[in-house]
Amino acid sequence: QKEVEQNSGPLSVPEGAIASLNCTYSDRGSQSFFWYRQYSGKSPELIMFIYSNGDKEDGRFTAQLNKASQYVSLLIRDSQPSDSATYLCAVNESGGSNYKLTFGKGTLLTVNP
Amino acid sequence: DTAVSQTPKYLVTQMGNDKSIKCEQNLGHDTMYWYKQDSKKFLKIMFSYNNKELIINETVPNRFSPKSPDKAHLNLHINSLELGDSAVYFCASSRGGLREAFFGQGTRLTVV
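Source: prediction; values computed, not measured.

A few words on the interface of chain A and chain B. With 21 residues of chain A at the interface, the matching set in chain B holds 23 residues. Both sides together, the interface formed by chain A and chain B hides about 1900 Å², and carbon and sulfur atoms give 59% of it. Broken down residue by residue, the surface that chain A buries against chain B is led by Tyr-99, Lys-100 and Phe-103 of chain A, which jointly contribute 33%. Inspection of the region where chain A meets chain B yields one salt bridge. Note that Lys-100 of chain A and Glu-58 of chain B form a salt bridge whose closest N and O atoms lie 2.7 Å from each other. Put simply, the parts of the chain that give the side of chain A that touches chain B at least two residues each are β4 (33–38), β5 (45–50), β9 (85–92) and β10 (101–103) of chain A.

Quick look at the structure:
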């Protein structure tokens, strides 16, 4: 069973701090990696995607991918109370199953004013 | 101009009934999905379709039958509803299987 693992949290950070969210995956052939944000009672919303090793920055968000370690992370700089949500890591499986986006169980982030 | 839209948003029904959820996307995507999110918020894939063809059927009971009349629509019919079917069902779409997926607003199904 191919898996995506995340710490369930909750992760609590003060406003203005850096929040670091981590994710590991079991399928070494995975090619696409995504971070989604889900507010309570709402649908998942795409935050970042990354396909290549290294860092990818978009505003206050930075995604980091290390395929050798099968590890992907999301950094949120200058965290705001509005960033409080569940963050879902998602990975496309490889081979014939690449129409299957597998999600981790999510990390609940709380940003305290 | 909702990109992925599902109806209904809420569905309350009795055990044993049959119900359908409809999904439409106007993004021009060729791949559509149904996901189930349980009470613990775990988002699990049920089905994926590419160009109206079923690609993934993730060991879902036969009571669940998806139908894709065209690339822009993917409906989900559920027969003989059970208490354990209560969950939020999300439709999503993407351009191909390796690209980011966009989600509908979800359908909260409650079976009583």
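What follows is about the environment of Thr-2 of chain B. Of note, Thr-2 of chain B is situated in the segment before β1 (4–7). Looking at Thr-2 of chain B, the relative accessible area reads 51%, which means it is exposed.

All names here are of chain A. Considering all chains together, one arrives at two disulfides over all chains under this definition. Residue pairing for Cys-23: its cysteine sulfur links by disulfide to Cys-89, the two sulfurs lying 2.1 Å apart. Handedness of the Cys-23-Cys-89 disulfide follows from its S-S torsion of about -75°: it is left-handed. Taken as a pair, Cys-23 in strand β3 (residues 19–25) and Cys-89 in strand β9 lie far apart in primary sequence, 66 residues in all. On the basis of relative accessible area, Cys-89 is assigned to the buried category, the value being 0%.

Quick look at the sheet that holds β1 of chain B now. Residue and element names in this part refer to chain B. Read from one edge to the other, the open sheet built from four strands follows the order β1-β3-β8-β7, with strand pairing classed as antiparallel. Every interior strand has two partners, whereas the edge strands, β1 and β7 (64–70), have only one. Put simply, the sheet's adjacent strands are angled 15° from each other on average, direction ignored. With four bridges connecting them, strand β3 (residues 19–25) and strand β8 (residues 73–78) associate as antiparallel partners. In the sheet register, Ser-20 faces β8, and the bridge partner there is His-77.

Conventions used here
Residues numbered from 1 in each chain as written. Chains lettered and ligands numbered in written order. Predicted model: local features only at pLDDT ≥ 70, side-chain atom pairs only at ≥ 80, totals over all residues. Heavy atoms only, no water. Contact = heavy atoms within 4.5 Å. Buried area = accessible area lost by both parts, 1.4 Å probe. Salt bridge = Lys/Arg side-chain N within 4 Å of Asp/Glu carboxyl O. Helix = DSSP H or I, 4+ residues; strand = E, 2+ residues; numbered from the N terminus. Buried < 20%, exposed > 50% of the residue type's maximum accessible area, 1.4 Å probe, protein only. Disulfide = S-S within 2.5 Å. Pairing = 2+ DSSP bridges. Axes fitted to C-alpha atoms, helices over the stretch in contact; angles between N-to-C directions.

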